[in-house]
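# An overview of the molecular structure
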Amino acid sequence: MLNVPSQSFPAPSSQQRVASGGRSKVPLKQGRSLMDWIRLTKSGKDLTGLRGRLIEVTEEELKKHNKKDDCWICIRGFVYNVSPYMEYHPGGEDELMRAAGSDGTDLFDQVHRWVNYESMLKECLVGRMAIKPAVPKDCREEKKVLNGMLPKSQVSDTLAKEGPSSPSYDWFQTDSLVTIVIYTKQKDINLDSVIVDHQDDSFRAETIIKDYSYIIHMGLSREIQEDFSVRVVENVGKIEIVLKKKENTSWKRLGHPLENHNLLIPKKDTGLYYRKCQLISKEGVTHDTKLFCLMLPASTHLQVPVGQHVYLKLTITGTEIVKPYTPVSDFLLSEFKEPVLLNNKYIYFLIKIYPAGLFTPELDHLHIGDFVSVSNPEGNFKISQFRELEDLFLLAAGTGFTPMVKILNYALTNIPGLRKVKLMFFNKTEDDIIWRSQLEKLAFKDKRFDVEFVLSAPTSEWNGKRGYISPALLSQFLKRSLDNSRVLICICGPTPFTEQGIRLLHDLNFSKDEIHSFTA
Ligand code: FAD
Ligand code: NAP
């Protein structure tokens, strides 16, 4: 709902502008960009009509403000007057009006829960709801002293029925170490499943169990060293986090509980958690795409699973702006340069810089050593989709190539029965093709892999395929290696490209289970 540009957007000269269908961006009037909005919020103008006063809003009062020029919306108990924002909203006025005079939290979460509305709309804050709508019962104080096996994690009634069985944790210590053990009771847990951070006196470990998060979140009772290790015993689903004490003294308790501690909650309700990462390098890849390398803090354990993205956050003119990006691995580069950055402390991003964009020029202006906040991973791609896979087809347009990088690496190294991997890569011109020579080299080296480039605006010298995604291109490209081979088709690019691709794939009789589309 309260969208910022953009989860998906058409480049100004792109065909996407005329494509129909899907949740598309509404072209904004001149002077109504997100940057213009930020400027307005900094101008000192009274945007709520309350001259900075915050009020308690009753449900009856909220309902009255349901018109375009008088529109209040409640998100997570806070009420905003969004009328001044209407013309700046990339999703259009109608999208905002769906929540006029009501609680828009669910609508907001459905569309883009990652957008930092608190920062974007802080000058529109009217006040709090007098009767709070559905506050999660999460921050209950832990009464028991934290030593030894803890009571079962708290789960809601629905979760108890539908969710995974409830994890638990314990801790023990030696003179120099404190080990926190999480018993997930799941077999498919690995190092990607757990994200650990120690920042500003708060220790947080989030374990992803299917669509749920189990959270350990504490203020530790004593100081620890910056680095720690994480081990997973996969067959029993046990996670061990080994912390190094700063002083070799005995801890009487692990610490005090913080928000969501010892809770198993649906992943969508956890909120995004960020840590500051340092920019290590920035290299040009094409005329408008760069490879950014960010370093995680020593006090973070985070591995972004194949097919998932994270959110990057920057403060632009005093407002926090968040955009999604899909980390890539550097496996296609390893032949070309020294693999200096080997461990999991580094995250790579291939990012296209849009000169008229809000976020990417700012990212491009960062200096080596500057910091960017990086969120926990999100996304609905699951490695289990590769099970017994024989043919993998990848359809990518522009930077829609980014999820394909890790997929390609994983598939070629981890799927034993894989016979064929084909990438069809759509771009405007030859100059836009990311890592072309690397892909061609890979195709030469690995007989299972093949790549085809399709250009929408090639020069007359281009001998390859041209045009847009079409039935003819797809039916020729998507040939199974055997009549009944198990296939997966991954598709990613501008939203209208992806939507059109999915329609064409259904027309070609591929089933829903055989298609994975990447969207926000
Ligand atoms: P924006 O401000 O969004 O503008 C982009 C362009 O569109 C500009 O030319 C601007 O002038 C124009 N524009 C914007 N809004 C409008 C409008 N309403 N009307 C008319 N024109 C408009 N990108 C990558 O490069 N690499 C990735 O790995 C990557 N991963 C992604 C993963 C996911 C899940 C998703 C959803 C997107 C991903 N993206 C990725 C895209 C990325 O999130 C940003 O959308 C992109 O970087 C543009 O951001 P920006 O703020 O610079 O540009
Ligand atoms: P682009 O250069 O604008 O487009 C790449 C190619 O796709 C061009 O040949 C373009 O043709 C073609 N194309 C665009 N719209 C089309 C349509 N409706 N039908 C058929 N072909 C179409 O792409 P980009 O600027 O790199 O943008 C990449 C997009 O991928 C962004 O929208 C980004 O948000 C998205 N993305 C999503 C994820 C994800 O969801 N996980 C990850 C990464 C990127 P023309 O230029 O001739 O129009």
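Here, every reference points to the structure presented above.
Report follows, based on the coordinates. Nothing here was measured: the structure is a model prediction, and the numbers come from that model. (Residues numbered from 1 in each chain as written. Chains lettered and ligands numbered in written order. Predicted model: local features only at pLDDT ≥ 70, side-chain atom pairs only at ≥ 80, totals over all residues. Heavy atoms only, no water.)

## Some remarks on a negative patch on the surface
Residues E59, E60, D103 and D106 make up a contiguous surface patch of negative charge. Mapped onto the fold, E59 is located in helix α2 (residues 59-64). We classify E59 as partly exposed; its relative accessible area is 40%. (Patch = residues over 30% accessible without salt bridge, like charges linked within 9 Å, V, L, I, M, F, W, Y side chains within 5 Å. Areas by Shrake-Rupley, 256 points an atom, 1.4 Å probe, with all protein chains shown as cover. Salt bridge = Lys/Arg side-chain N within 4 Å of Asp/Glu carboxyl O. Lys, Arg positive; Asp, Glu negative; His and termini not counted. Charge placed at Lys NZ, Arg CZ, Asp CG, Glu CD. Helix = DSSP H or I, 4+ residues; strand = E, 2+ residues; numbered from the N terminus. Buried < 20%, exposed > 50% of the residue type's maximum accessible area, 1.4 Å probe, protein only.)

## A look at the environment of N344
Checked against the element boundaries, N344 lands in the loop between β21 (327-328) and β22 (346-352). For N344, the contacting residues outside a window of four places in its chain are L296, L302 and Q303. Looking at N344, its side chain comes within polar contact range of the side chain of Q303, at 2.8 Å. (Contact = heavy atoms within 4.5 Å. Polar contact = N/O pair within 3.5 Å; in protein donor to acceptor, adjacent residues only side chain to side chain.)

## Things to note about the pattern of salt bridges
Throughout the structure, instances matching the rule amount to 20 salt bridges. The closest approach of N and O atoms between K64 and E61, which form a salt bridge, is 3.4 Å. Pair noted here: K64 and E61 are both in helix α2, with a separation of 3 residues, about one helical turn. Linking D269 and K268 is a salt bridge whose minimum nitrogen-to-oxygen distance equals 3.5 Å.

## Considering the nonpolar core
Where a protein is soluble and globular, its nonpolar side chains tend to be buried together. With 52 residues, the main nonpolar core has W37, L121, L312, F349 and L363 as its most contacted residues. When residues in this core are grouped by element, the largest group, 5 residues, is from strand β19 (residues 310-316). The residues that make up this core include at least three from each of domain 1 (34-129) and domain 3 (274-378). (Core = buried A, V, L, I, M, F, W, Y, C linked by side-chain atoms within 4.5 Å. Domains from an automatic or database assignment.)

## What about the sheet that holds strand β26 (residues 449-455)?
As summarised here, the arrangement of the 6 strands in space is β27-β26-β25-β24-β28-β29, forming an open sheet in which the pairing is parallel. Among the strands making up the open sheet, the edge pair consists of β27 (465-466) and β29 (515-517). Here strand β24 (residues 391-397) runs beside strand β28 (residues 487-492); their pairing, made up of 6 bridges, is parallel. Opposite L394, over in β28, you have C490 as the bridge partner. In this fold helix α9 (residues 436-445) packs onto β25 (420-427) and β26, with an angle of close to 145° to the strand it touches most, β26. (Pairing = 2+ DSSP bridges. Axes fitted to C-alpha atoms, helices over the stretch in contact; angles between N-to-C directions.)

## Structural notes on the pairing of strand β9 (residues 194-199)
Note on strand geometry: in a regular strand, side chains alternate between the two faces of the sheet. The element β9 is extensively covered by neighbouring structure, given that 5 of its 6 residues are classed as buried. The turn linking β9 back onto strand β10 (residues 202-209) is made up of 2 residues, and D200 within it adopts a positive phi angle of 45°. Alignment of β9 against strand β18 (residues 300-301), held across 2 bridges, turns out to be antiparallel. Bridge pairing in β18 places V196 opposite H301.

## Description of the packing of aromatic side chains
Enumeration according to the criterion identifies 13 aromatic pairs in this entry. Aromatic side chains W37 and Y88 sit 5.2 Å apart centroid to centroid with 55° between the ring planes, which places their arrangement in the tilted category. In this pair, W37 is assigned in helix α1 (residues 34-41) and Y88 in the loop between β4 (78-81) and α3 (93-97), connecting sequence segments 51 residues apart. The same class applies to W37 as to Y88, namely buried. Site record: aromatic cluster; members linked through ring pairs are F381, F386, Y410 and F518. Taking NZ or CZ as reference, K313 lies 4.1 Å from the ring centre of Y274, over its face. The ring of F444 carries K447 above its face, with NZ or CZ at 5.2 Å from the centroid. (Phe/Tyr/Trp six-rings, centres within 6.5 Å; stacked < 30°, edge-to-face > 60°. Lys NZ or Arg CZ within 6 Å of the ring centre and 35° of its normal.)

## Structural notes on α9
By the burial criterion, the buried members of α9 are Q438, L439, L442 and A443. The buried residues of α9 occupy an angular sector of 140° when the element is viewed end-on, so they sit on one face. Opposite its buried face, α9 presents the exposed residues F444 and K445, each directed more than 90 degrees away. Buried residues belonging to α9 abut α8 (402-414), β25 and β26. (Arc of directions from axis to C-beta.)

## A word on the environment of A411
In this fold, A411 is placed in helix α8. A relative accessible area of 0% places A411 in the buried class. Put simply, A411 and D391 are 20 residues apart on the chain and 10.0 Å apart in space, counted from C-alpha to C-alpha. Non-local contacts of A411, meaning those with residues more than four positions away in its chain, are made with L392 and L418.

## Some words on the pairing of strand β6 (residues 125-129)
For strand β1 (residues 55-57) and β6, the ladder comprises 3 bridges, and the chain directions are parallel. Considered in β6, the bridge of I55 is made with G127. Pairing analysis gives 3 bridges linking β4 to β6, with the strands arranged antiparallel. Bridge pairing links F78 to R128 in β6.

## Thoughts on unusual backbone geometry
Of note in the backbone geometry, K185 takes a positive phi value of approximately 60° without being a glycine. Looking at the secondary structure, you find K185 in the loop between β8 (177-183) and β9. The backbone of E388 sits at a positive phi, close to 55°, despite the residue not being glycine. Considering the arrangement of structural elements, one finds E388 in the loop between β23 (371-375) and β24.

## Some thoughts on the sheet that holds strand β13 (residues 238-245)
Taking strand neighbours across the sheet as the criterion, the 4 strands line up as β7-β8-β13-β12 in an open arrangement whose pairing is antiparallel. Looking at strand neighbours, the two that pair on one side only are β7 (168-173) and β12 (224-233), the edges of this open sheet. The sheet shows a mean angle of 20° between the axes of neighbouring strands, direction not considered. The sheet contact formed by β7 and β8 spans 6 bridges and is antiparallel. In the strand pairing of β8, W171 is matched with I180.

## Section: helix α11 (residues 495-507)
For α11, with 13 residues, the first-to-last C-alpha span of 18 Å sits near the 18 Å given by 1.5 Å per residue. Within the sequence span of α11, burial applies to T495, P496, F497, T498, G501, L504 and L505. For α11, the elements touching its buried residues are β24, β25, α10 (471-477), β28 and β29. Looking at the residues trailing α11, positive phi occurs at N509, about 70°. (Expected span 1.5 Å × (residues − 1).)

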